[in-house]
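# Summary of the model geometry
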Amino acid sequence: MRHRAARLAAVTAALAGLAACGDGSALAPKGPDAREIAGLWWLMFWLGLAVYVFVVALLFVVLRKRGKVDEPVPATPREGRGLIWGAGVGMTTVIIVVLVLVSYVVGGRIYDRRGTGGLRVEVVGYKFWWEVRYLDRPGAITANEIHIPTGRPVDLVLTSRDVIHSFWVPELAGKLDLVPGVRHVLSIQADRPGEFRGACAEYCGVQHANMLLLVVAQPPDEFEAWLDRQAQPRQAPADPLAQRGEEVFLRTPCGACHRVRGTPADADVGPDLTHFATRRTLGAGVRPNTRGHLGGWLSDPQAIKPGNLMPPTKLAPDELLALLAYMESLT
Amino acid sequence: MTTTEDARPDAARARLVEAWSTKPGFINWLSNVNHKAIGFRFIITSFIFLLIGGVQALLMRTQLMGPDLDVLGPDAYNEAFTLHGTTMMFLFAVPMLEGLGMYLVPLMIGTRDLPFPRLNAFGYWLYLFAGIFLYWSLFTGSVPDGGWFNYPPLAGPEFRPDSSIDFWLLGVTMTEVVGIVGALELVVCIARHRAPGMTLSRIPVFAWGVLVSSVMILFAFPPLVAGSLMLELDRKIGTHFYNPAAGGDPILWQHLFWIFGHPEVYIMLIPAVALIASMLPAVTRRGIVAYPLVVVSLVAIGFISFGLWVHHMFAAGLPALAMAFFTAASMAIAIPSGVQIFSLIATMWRGKLVWNTVLLYVVGFVLVFVLGGITGVMVASVAFDWQVHDTFFVVAHFHYVLIGGVVLPILGALHYWFPKLTGRLLDERLGKIAFWLIFGGMNLTFFPQHILGFLGMPRRVYTFQSGLGWDFYNLLSTLGAYATAAGFLVYSANMAINWSRGRPAGDNPWDAPTLEWATASPPPAYNFAAIPTVDSLYPLWEPKEASPHGQAGLLDDVEGQRREIVGSTILDAEAIEILELPGNTLWPLVAASAIVLFLFGVMIDSMIVGAVGLATVVGSLLGWLWTGPEWRHE
């Protein structure tokens with residue numbers, strides 16, 4: 001019995017340990033919120049494991065007891081009530097009081113960081129992508145990729161244009177909902193440069209699974225350079241093919257939904273594409289932003305992400321090539 | 001105490017049989033209002049819905065077996081998880097437990113029927129129609145896909161203009177009405193119709209569990225009925241309760257939903273835990289340890305569970321102080337839950353264990369439910385919940401709670417009471433195979449999902465990309481689901497095979513101590529030829545000569561051909577009156593059909609169909625009320 005309990009504990013710990021490592025895990029924290037929550041988890045994990053092992057061990061001791069089945073005894077026994085008061089009430093109460101207090105402390109610290117960042121980034125949820133606006137830098141609008149400077153908290157102002165979404169980057173912080181008509185503030189901070197995967201965590205419709213995002217943490221000077229660039233309008237394409245691509249972009253329905261600053265296309269139904277080529281993914285994280293995937297996406301976005309709002313565009317092969325060249329020029 | 005079979009003149013016995021009998025024939029079958037017939041139908045129907053919900057789970061797990069699969073596709077996957085949750089909550093768990101309550105409680109507390117038999121029959125028909133109504137959506141092409149929680153604005157008129165959400169709202173509202181109707185019935189039955197001598201401290205634990213959860217239903221279901229009506233008004237006539245653009249608030253729905261939804265968990269859990277405590281004496285040969293404490297903690301769970309709902313909304317951006325309260329309350333519920341578990345262990349410790357399938361389910365319940373309870377304490381922490389909320393960690397958590405705390409007890413209970421329901425025993429070997437497949441399978445399915453949650457896998461995703469470290473755990477989880485399904489196949493086969501061919505059980509195959517085993521298996525329509533007098537929590541274990549009441553019982557003769565039950569006082573269960581119950585009738589079926597017709601009219605925006613339906617509802621209620629039962633005071 002003891003072996004069984006010990007083995008169970010070992011297996012549980014090993015499995016939980018597996019979860020701790022690996023990229024993208026909430027237990028491999030890269031920022032203060034996630035780190036404090038991971039610490040809280042490990043406290044709860046060990047306490048929980050102790051309780052579970054205790055219960056299982058007790059159960060197995062009881063179950064191994066052998067004896068002849070005899071006449072039933074109807075009276076309500078008084079023995080065993082010590083166990084109920086001691087373990088059921090006493091032990092549980094002590095553990096719970098500890099956990100409630102620690103949980104308050106951790107939650108309080110996380111709350112206290114919110115709104116202190118200085119840098120404010122608005123994240124607007126759409127079915128099924130994220131608009132990202134740097135509120136302190138007019139014009140700096142991008143999508144599905146949030147760049148932040150390392151080593152300082154950044155306030156994300158979260159809201160939604162349609163249904164409820166939820167912002168979650170497990171390595172950096174817990175999640176917070178994007179509710180239409182309301183603005184919530186979440187603080188994120190990355191200690192070191194890196195790319196951190198995020199996802200929508202509130203079911204928001206048919207393509208909830210592919211509403212992904214990336215947080216890119218950069219050293220402050222690199223971040224400033226990036227932000228300066230994002231705030232500028234698009235650079236007029238120099239290459240003739242790309243110039244033709246811009247014509248295609250503006251002639252076809254593309255411009256009816258997307259914005260490319262510096263051109264007449266100024267809609268916000270779909271993501272801002274002014275510096276599209278600098279982004280790492282397309283379709284809100286559904287594919288890497290490479291020429292091949294982009295070609296596939298432009299030809300038939302419904303095949304890759306069925307149910308998203310972008311309709312397929314009928315393009316002649318040369319038009320598609322031109323459009324691709326144009327998209328790649330949007331650096 | 002003893003029953004008084006054959007201690008009466010034949011003529012009196014014949015009158016009793018005649019008064020309670022249901023003649024053969026389909027129409028008579030439809031008009032049957034006896035609590036055992038209705039309870040049995042609830043049990044069978046909800047078991048079928050359990051299997052249907054299980055098939056949906058298998059489809060989902062197959063879709064998620066590996067990255068980028070295209071077994072279901074996004075639409076079908078979203079419909080599958082919506083129907084899975086809705087089916088398991090509204091069409092399986094609550095109706096199954098109410099069905100067990102309707103069947104067993106009158107037997108356990110020594111009465112002949114539930115106090116409002118026609119209302120009971122009405123509940124069943126409405127339940128059956130609600131299930132058909134919801135699944136009818138499959139044939140219309142607009143299947144509900146808003147999740148079992150159905151949050152607006154996603155479920156509102158702007159984003160779901162088709163009728164999919166209407167199917168959900170109206171179907172679920174019907175099941176809520178069914179729940180309320182059944183709860184009223186069970187509360188009155190347990191309060192007022194216990195056998196003489198069954199004081200509060202002699203009520204079987206299952207009846208206590210049913211009482212607590214029924215009272216909870218009366219408070220928890222109306223908010224969702226109200227919330228659903230408001231959403232239906234938003235959808236049908238353009239009100240703006242949940243529309244933020246017009247000053248409404250989508251978070252209001254979340255409050256209304258979860259102030260139903262969290263007590264709902266305990267509405268299922270309390271009677272299920274009580275099932276375990278009621279089976280325990282038979283397999284440990286001892287009364288349960290600290291019975292009063294167990295009952296008090298069931299009541300405490302019931303109270304506290306109304307103060308937890310916001311822990312489903314920790315990520316919704318509510319004020320910190322409000323959430324702090326809900327952390328403490330959510331964790332506090334571990335204390336009465338701990339009392340249940342340790343009372344169970346203490347009882348096994350004091351007792352002599354009988355190693356049968358029922359005991360396996362009791363042990364499985366402890367192993368699975370305690371783990372789910374521990375992760376439940378964890379997610380009650382606001383800060384920790386911000387990470388795992390709406391991830392597979394939570395999926396794992398609540399499946400441990402609900403499979404451990406509700407499904408395993410129900411499967412054990414069906415094993416235990418199958419002989420009472422059918423007169424036949426289930427096969428022990430098949431029973432054990434099924435248990436190990438289900439127990440092993442569910443652990444393999446859900447344990448890896450804890451890890452997936454930490455690795456960043458949100459809930460309700462129809463697919464995932466490879467290279468995230470999720471593939472292996474998802475594969476394990478799917479294999480576990482297949483094993484669980486195999487277990488359910490064996491379990492169902494065991495029931496099907498032994499339904500008519502099993503070993504005859506006799507009245508009391510387990511040598512169990514409570515009243516339902518004092519009568520034949522299956523019980524006669526009138527349950528007890530004479531109402532027994534009770535002087536113990538475990539009447540069948542008391543030495544016979546110790547009973548001062550001898551062979552006599554109340555109602556051992558019927559006047560004419562009436563269905564009569566005893567009314568007793570709430571606290572001391574002193575018999576004070578005899579009530580006559582109405583007999584078989586078709587009015588409840590007509591009334592339930594008319595309600596569905598009315599709602600169908602609402603669905604298809606047809607004034608005529610709706611008006612005809614409504615008129616038939618009124619008409620059938622008049623017919624229903626035309627003849628009421630008589631009351632006599634003795």
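Remember, predicted model here, so these are calculated numbers, not experimental data. Each chain has its residues counted from 1, running along the sequence as written. Whichever chain is written first is A, and whichever ligand is written first is 1; the rest continue in order. This being a predicted model, a pLDDT of at least 70 is required before a residue's local features are given, and a value of 80 or more before pairs of side-chain atoms are given or counted; all residues contribute to the totals for chains, interfaces and linings.

Below, the discussion takes up the overall build of chain A. When helices and strands are counted, chain A shows nine helices and 12 strands. Against the globule reference of 20 Å for 331 residues, chain A gives a C-alpha radius of gyration of 27 Å, more extended than a compact globule. C-alpha atoms of chain A, sized along the principal axes, occupy 95 × 40 × 35 Å. Taking all 331 residues of chain A together, 42% fall into the buried category. Each residue gets a C-beta atom placed from its backbone, and two residues are in contact if those atoms lie within 7 Å. Sequence-distant contacts, at least 24 apart, represent 66% of the contacts inside chain A between residues at least 6 apart. Comment: elements are numbered from the N terminus, with helices defined as DSSP H or I runs of at least four residues and strands as E runs of at least two. Atoms considered for the radius of gyration are the C-alpha atoms alone. The globule rule reads 2.2 Å times the number of residues to the power 0.38. Buried residues are those with 20 or more other C-beta atoms within 10 Å of their own C-beta, exposed residues have 12 or fewer, and partly exposed residues lie in between; C-beta atoms are placed from the backbone.

With that settled, consider the overall build of chain B. Within chain B, the secondary structure is distributed over 18 helices and three strands. Relative to the compact-globule value of 26 Å for 634 residues, chain B shows a C-alpha radius of gyration of 25 Å, a close match. Seen through its principal axes, chain B has C-alpha atoms that stretch 75 × 60 × 50 Å. At a minimum sequence separation of 6, the contacts of chain B that also span at least 24 residues come to 81%.

Summarising the element assignment, A:Gly48 is placed in helix α2 (residues 32-64). A:Gly48 has contacts with B:Ile374 and B:Met378, leaving out every residue within four places of it along the chain.

So, about the nonpolar core. When buried Ala, Val, Leu, Ile, Met, Phe, Trp, Tyr and Cys residues are joined through C-beta atoms within 7 Å, the set is termed a nonpolar core. Judged by nonpolar contacts, the single largest core of 297 residues is most densely connected at B:Val105, B:Leu126, B:Ala207, B:Met279, B:Val294 and B:Val362. If you tally residues by element for this core, the top one is helix α8 (residues 250-284) of chain B, at 23 residues. A domain assignment, automatic or from a database, supplies the domain bounds used here. Residue contributions to this core reach at least three from each of two domains, namely domain 1 (2-113) and domain 2 (119-231) of chain A. When residues no more than four places from it in sequence are discounted, the contact partners of B:Val294 are B:Val205, B:Ala277, B:Ile288, B:Val339, B:Gln340 and B:Ser343. Ranked by size, the runner-up nonpolar core spans 19 residues in total, among them A:Val260, A:Phe276, A:Leu298 and A:Leu324.

Right, let's get into the sheet that holds strand β10 (residues 212-218) of chain A. All names here are of chain A. Pairing in this open sheet of five strands is mixed, and the strands run β4-β10-β9-β6-β7 from one edge to the other. Of all the strands in the sheet, just β4 (145-149) and β7 (176-178) have a single pairing partner and so form its edges. Neighbour to neighbour, the strand axes of the sheet diverge by 25° on average, direction disregarded. The axes are straight lines fitted to the C-alpha atoms, using for helices just the contacting stretch, and the angles between their N-to-C directions are given from 0 to 180°. In the packing of helix α4 (residues 220-231) onto the sheet, the strands contacted are β4 and β10, and the crossing angle to β4 comes to about 135°. For two strands to pair, DSSP has to find at least two bridges joining them.

All names here are of chain A. Here β4 lies mainly inside the structure; five of its five residues are buried. The two faces of β4 match: Glu145, His147 and Pro149 on one face and Ile146 and Ile148 on the other face are all buried. As judged from the five bridges shared by β4 and β10, these two strands associate in the parallel manner. Its bridge partner lying in β10, Pro149 is registered against Gln218.

Much of the literature gives interface size as the accessible area that the parts lose upon coming together. Taken together, the contact between chain A and chain B spans 78 residues of the former and 78 residues of the latter. When contributions to the side of chain A that touches chain B are tallied by element, the ones reaching two or more residues are α1 (2-20), α2, α3 (81-113), β6 (165-168), β7 and β9 (194-200) of chain A. Of the residues forming the side of chain A that touches chain B, the biggest block, 17 residues, is contributed by α3(A). Classification convention: Asp, Glu, Lys, Arg as charged; Ala, Val, Leu, Ile, Met, Phe, Trp, Tyr, Cys, Pro as nonpolar; all other residues, Gly among them, as polar. Per-class residue counts for the side of chain A that touches chain B are 49 nonpolar, 20 polar and nine charged.

Residue and element names in this part refer to chain B. Here strand β1 (residues 563-568) runs beside strand β2 (residues 575-581); their pairing, made up of six bridges, is antiparallel. Opposite Glu564, over in β2, you have Glu580 as the bridge partner. Linking β1 back to β2 in an antiparallel pair, the connection comprises six residues, with Ala573 at a positive phi of about 55°.

All names here are of chain A. Looking at the assigned domains, one finds that chain A contains domain 1 (2-113), domain 2 (119-231) and domain 3 (240-329). A separation of 22 Å is found between the C-alpha centroids of domain 2 and domain 3. Across the boundary between the two partners, domain 2 contributes 20 residues, which contact 15 residues of domain 3. Residue assignment for the side of domain 2 that touches domain 3 shows that the elements contributing at least two residues are β2 (129-134), β3 (141-143), β10 and α4. Taken together, the residues of the side of domain 2 that touches domain 3 sort by class into 10 nonpolar, six polar and four charged.

The next point concerns helix α15 (residues 428-454) of chain B. All names here are of chain B. Helix span, expected: 1.5 Å multiplied by one less than the number of residues in the helix. For α15, spanning 27 residues, the distance from its first C-alpha to its last is 40 Å, which sits close to the expected 39 Å at 1.5 Å a residue. Counting buried positions along α15 yields 19 of 27 residues, so the element is predominantly enclosed. Of the residues trailing α15, Gly456 is marked for its positive phi of about 100°.

Once that is clear, we can look at the sheet that holds β3(A). Residue and element names in this part refer to chain A. Pairing is mixed across the open sheet formed by five strands, whose spatial order is β3-β2-β1-β5-β8. Looking at the sheet topology across the chains shown, the edges are occupied by β3 and β8 (184-188). Strand-to-strand, the axes of this sheet are offset by a mean angle of 25°, without reference to chain direction. Pairing analysis gives six bridges linking strand β1 (residues 119-126) to β2, with the strands arranged antiparallel. Within the sheet, the bridge partner assigned to Glu122 lies in β2 and is Arg133.

In this structure, A:Phe128 follows A:Lys127 across a cis peptide bond, with omega equal to 0°. When you line up the elements, A:Phe128 lands in the loop between β1 and β2. The linkage connecting B:Pro152 with the following residue, B:Pro153, adopts the cis geometry, with an omega of 5°. Structurally, the position occupied by B:Pro153 is in the loop between α5 (117-140) and α6 (164-192). Look at A:Ala284: it is not a glycine, yet its phi comes out positive at around 55°. Mapping A:Ala284 onto the fold places it in the loop between β11 (281-282) and β12 (287-288). A positive phi is found at B:Arg460, a non-glycine position, where the angle reads about 60°.

Our focus in this paragraph is the packing of helix α12 (residues 357-379) of chain B against α15(B). Residues and elements named next belong to chain B. In the contact formed by α12 and α15, the axes pass within 9 Å of each other and the chain directions differ by 15°. In terms of their interaxial angle, α12 and α15 are classed as roughly parallel. Handedness of the α12/α15 crossing: left-handed. For the pair α12 and α15, contact is made by Thr357, Leu360, Tyr361 and Gly364 and by Glu428, Gly431, Lys432, Phe435 and Phe439, respectively. Its residues placed into classes, the contact of α12 with α15 shows four nonpolar, three polar and two charged. Here roughly perpendicular refers to angles of 65 to 115 degrees, roughly parallel to angles under 35, roughly antiparallel to angles over 145, and oblique to all remaining angles. A clockwise turn of the near helix away from the far one marks a right-handed crossing, whereas an anticlockwise turn of less than a right angle marks a left-handed crossing.

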